[in-house]
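So you can see what is in the structure, the chains are spelled out below.
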Amino acid sequence: MSTLTDLRRSMVAEARRRQRLTWLISAVVLVALPWIFSSSFSISIMTQIGIAIIFALSYNMLLGQGGMLSFGHAAYFGLGGFLAMHAMNYIADGAIPLPVPLLPLIGGVIGLFFGFIIGTFSTRRAGTVFAMISLGVAELIAALSLIFVGFFGGEEGVSSNRTKGPDFFGFNFGPDIQVYYVAAFWALIAAIAMFLFSRTPAGRMANAVRDNAERAEFIGYSQRNVRMISFCLSGFFAGLAGGMFAIAYEIVTEETLNMNQSGAVLLMAYIGGVGYFIGPIIGAIIMTLLRTVLSNFTELWMLYVGLLFIATVMFVPSGLTGLLMMHGPAWKRRSLKRLLAPYAAISIPSLAVIMGVGGLLELTHFAHTTSMDDRVMTLFSIPMNIDSLLPWAGLIALFIGGVLGVRRLRPMLLDAWADANGAGGGD
Amino acid sequence: METAIRLNRLHKSFGPTPIITDVNLDIVKGERHAIIGPNGAGKSTLFHLISGRYEPTSGDIELNGESIGGLPPYEIYRKGLSRSFQVTNIFARMSVYENIRCAVLWVKGYKYSFWNRVDNMEDVNERTEEILERINLADRAFVPAGLLAYAEQRALEIGIAIAGGNQVIILDEPTAGMSHSETEQVVELIRSVSEGKTLVMVEHDMGVVFNLADRISVLVYGRIIATDTPENIRANPAVQEAYLGVEADHE
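Residue positions are counted from 1 within each chain, in the order its sequence is given. Whichever chain is written first becomes A and whichever ligand is written first becomes 1, with later ones labelled in order. Predicted model: local features are reported for residues with pLDDT of at least 70 only, side-chain atom pairs are reported and counted for 80 or more only, and whole-chain, interface and lining totals are derived from all residues. Calculation of side-chain values draws on the structure's entire complement of heavy atoms; hydrogens and water are dropped beforehand.

A. Layout of the side chain of Ser 234 of chain A. Here Ser 234 of chain A shows up in helix α9 (residues 223–249). We call two residues in contact whenever any of their non-hydrogen atoms come within 4.5 Å of each other. If we ignore the near neighbours within four places in the chain, the residues touching Ser 234 of chain A are Ser 58, Tyr 59, Met 61, Leu 62 and His 73 of chain A. What counts as a helix is a DSSP run of H or I of at least four residues, what counts as a strand is a run of E of at least two, and both are numbered from the N terminus.

B. View of the domain arrangement of chain B. All names here are of chain B. The domain boundaries assigned to chain B delineate domain 1 (1–80 + 166–251) and domain 2 (91–165). Between the C-alpha centres of domain 1 and domain 2 there is a distance of 26 Å. Opposite the 18 residues of domain 1 that make contact, domain 2 presents 14 residues. Throughout, buried area stands for the accessible area (probe radius 1.4 Å) lost by two parts on being put together, summed over both. Per-residue buried area on domain 1 facing domain 2 is highest for Tyr 77, Arg 78 and Leu 189; these three make up 35% of the total on that side. Any pair of N or O atoms that falls within 3.5 Å is considered a polar contact. Within protein, one atom must be able to donate a hydrogen and the other to accept it, and sequence-neighbouring residues count only if both atoms are side-chain atoms. Counting every contact that joins domain 1 to domain 2 gives 5 residue pairs in polar contact (both at pLDDT 80 or more). Put simply, the parts of the chain that give the side of domain 1 that touches domain 2 at least two residues each are α2 (73–78), β7 (168–172) and α6 (180–193). Here the side of domain 1 that touches domain 2 takes 5 residues from α6, the largest share from any one element. Partitioning the side of domain 1 that touches domain 2 into residue classes produces 9 nonpolar, 4 polar and 5 charged. Where each domain begins and ends follows an automated or database-derived domain assignment. Under this grouping Gly is polar, as are all residues other than the nonpolar Ala, Val, Leu, Ile, Met, Phe, Trp, Tyr, Cys and Pro and the charged Asp, Glu, Lys and Arg.

C. Layout of the domain arrangement of chain A. Residue and element names in this part refer to chain A. Here chain A is described as being made up of domain 1 (13–317) and domain 2 (328–420). The partner domain 2 presents 4 residues to the 6 residues of domain 1 that form the contact. For the pairing of domain 1 and domain 2, the buried interface totals around 420 Å² over both sides, and the portion due to carbon and sulfur atoms is 62%. The three residues of domain 1 that bury the most area against domain 2 are Glu 299, Leu 300 and Tyr 304, which together make up 71% of that side's buried surface. Just to be clear on terms, a salt bridge is a Lys or Arg side-chain nitrogen sitting within 4 Å of an Asp or Glu carboxyl oxygen. The tally of links from domain 1 across to domain 2 stands at 0 salt bridges. At the surface where domain 1 touches domain 2, the tally comes to 4 residue pairs in polar contact (both at pLDDT 80 or more). Partitioned by chemical class, the residues of the side of domain 1 that touches domain 2 number 4 nonpolar, 1 polar and 1 charged.

D. Quick peek at the packing of helix α2 (residues 40–65) of chain A against helix α10 (residues 259–272) of chain A. Residues and elements named next belong to chain A. Only the contacting stretch of a helix is used when fitting its axis, a line to C-alpha atoms as for every element, and angles between N-to-C directions run 0 to 180 degrees. Relative to each other, α2 and α10 sit at 80°, their axes nearing to 9 Å. Here α2 is positioned roughly perpendicular relative to α10, judged by the angle of their axes. Between α2 and α10, the residues in contact are Ala 52, Phe 55, Ala 56, Tyr 59 and Asn 60 and Gln 261, Val 265, Leu 266, Met 268 and Ala 269, respectively. The cut-offs work like this: below 35 degrees is roughly parallel, past 145 is roughly antiparallel, 65 to 115 is roughly perpendicular, and the gaps in between are oblique.

E. A look at the interface of chain B and chain A. Counting residues at the interface gives 46 residues for chain B and 35 residues for chain A. In this assembly, chain B packs against chain A so that about 3,600 Å² is buried in total across both faces, 59% of it on carbon and sulfur atoms. In this assembly, chain B and chain A are joined by 8 salt bridges. Linking Glu 157 of chain B and Arg 215 of chain A is a salt bridge whose minimum nitrogen-to-oxygen distance equals 2.5 Å. In this structure, the connection of chain B to chain A is made through 25 residue pairs in polar contact (both at pLDDT 80 or more). Secondary-structure elements contributing two or more residues to the side of chain B that touches chain A are α2, α3 (96–105), α4 (122–134) and α5 (150–163) of chain B. A per-class count over the side of chain B that touches chain A returns 25 nonpolar, 7 polar and 14 charged.

F. Examining the packing of aromatic side chains more closely. Residue and element names in this part refer to chain A. We call Phe, Tyr and Trp rings a pair once their centres come within 6.5 Å, taking the six-membered ring for Trp, and we label the pair stacked below 30 degrees between planes, edge-to-face above 60, and tilted otherwise. Counting across every chain of the model gives 25 aromatic pairs over all chains. Consider the rings of Phe 151 and Phe 152, whose centres lie 4.8 Å apart with planes at 85°: the pair is edge-to-face. Exposure is judged per residue with a 1.4 Å probe applied to protein chains only, and the accessible area is read against the type maximum: over 50% gives exposed, under 20% gives buried, and values in between give partly exposed. Since its relative accessible area comes to 30%, Phe 151 is described here as partly exposed. Between the aromatic rings of Phe 236 and Phe 237, the centroid separation amounts to 5.1 Å while the plane-to-plane angle is 85°, which identifies the pairing as edge-to-face.

G. Up close: the pattern of salt bridges. The final tally for this structure, using the stated rule, is 25 salt bridges over all chains. Glu 98 of chain B serves as the salt-bridge partner of Arg 204 of chain A, at 2.9 Å between the closest nitrogen and oxygen. Taken together, the positions of Arg 204 of chain A in helix α8 (residues 201–217) and Glu 98 of chain B in helix α3 put the pair across two chains. The residues Arg 204 of chain A and Glu 98 of chain B share a single accessibility class, namely buried. Between Arg 140 of chain B and Glu 152 of chain B there is a salt bridge, and its shortest N-O distance comes to 3.1 Å. Within this pair, whereas Arg 140 of chain B is found in the loop between α4 and α5, its partner Glu 152 of chain B is found in helix α5, the two being separated by 12 residues in sequence. Residue class for Glu 152 of chain B comes out partly exposed when judged on its relative accessible area of 21%. Salt bridges sharing partners connect three or more residues here, namely Arg 8 and Arg 9 of chain A together with Glu 122, Glu 126 and Glu 129 of chain B.

Here it is, written out as structure tokens:
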């Protein structure tokens, strides 16, 4: 028995123990969350996060694992949602004796079905060809959804009632908390299933085809078949998320399968980090929080999401997870605490930059939308008169001061970083 | 004698330009066969035709008596032929271990399985480890392949080609860009992995060619001008004129 074999066996055993622990903790957290965040608003947000996690993970089967950049992943989400919605109506009529919590499976099967059909011609090549086909197909389906009013319900969409299903252990799924647990259950199951898939031959070869499709063909694998498997399964999980959406909202409209939705899932995966399995999970959490919480405070929230996306692409292409992972070496050296003070210091001018930019944007937006008699906007709890020069000058000063502060503190942070990672000596 | 590869009146042209012209060649099972020739003679194109990267314009290629001309690369691989590349062609973001393991999966019969986990496939993993020991990369197993040194990447390149255990192996310039001592190691590696198998290689290093090959074919402007044992090739006046003479002057 070689040392490499022993090493691999111990690594696999260690990884398994860690994974089991992670799933167990995740399950406990999912069960416990509603006790911590018990308001109906937070329960509804957590349900949305669960749906977004499934959807974003399914998207990353294409982008991160398989190297397929899709601009139309909402098509599978939306079609799964619509079919699940119709199925819910049949259930409510008593035509299908299916318990409501199993509806996402219907969405999944529909996503799988359409993934199979579209995959037969879109997975031949990756790159631009794949991206363009995904865009075209999604546009086509979004357009059709407004034409076939009978099936898609036109602009009003299709709605139903989730409480009319057959008895399921005494739950009727009227209260949002019950829906949350259904979403949490499916999010956990889907995440485990997608993780396990990445450890199978088809999942490993998806990585190989992503890295070098040509060479994969010279070790026995058709690049098209490898992509096809990922594509179909990705369609399945997107449809599953769509079916869960149908349960949570009891209404599915054209908005679930249009380009905005396709763009949103791309942003989630990318901001979270496509190179890591948990990247899309983090992205889904942050994007959903931005969408639901930030939108309560400002109409410009989409602009901020866009800025965040641009900043991610420019400064941390490996996403927020990549940013966290960069701290791994310092964590192992137990020198992470040396970064605390520099981070705290630089966060002050950074916050000034963010507040300066955000404040100027908000003020400009307010100035363009307000009436002649309403000239005062309350920003950061300070009333600001847009006709006066003071708030503008103040925000510009805040921004410039912040930029100068960041520039001044940057060398100190870089030194601390090098120190924490043992540059010059060590390792 | 049984033939492993038979090229029968093989032609390949790109547009109006002929690259391979009327090539006939029998490669005998179990031999080590080298293809030499000046730059631009069409050696790599010939390998691309045999391995399925290019389709022949006309003529036929047989592998173990079965026609494979125009089949996609993965079909040819499944029929028992695998290859390495002149320019390193690996899975850069995956670990060295994963590179080799992926090259073992098909032959071990797991195909497109999406229900078995690779960590549970003891046969695949043991084979992977055996190959890693063989190509001397065991201590680099969990490094991303893209971070390997050049010579290590070349070793991995050969490792991927031999991992599946196919009976016919074709290597495109396995020692390209290597130092003298690295070349010697690779020659020993090739000698051991091709034991009992059929090996075809394109090679520029005449030391390697005359050291390893049982027979040599000389390709000049898309035609094979001679196929013979190393001694006879060295003595062949047409070869000397077309190729070796020029080499000899330089050395």
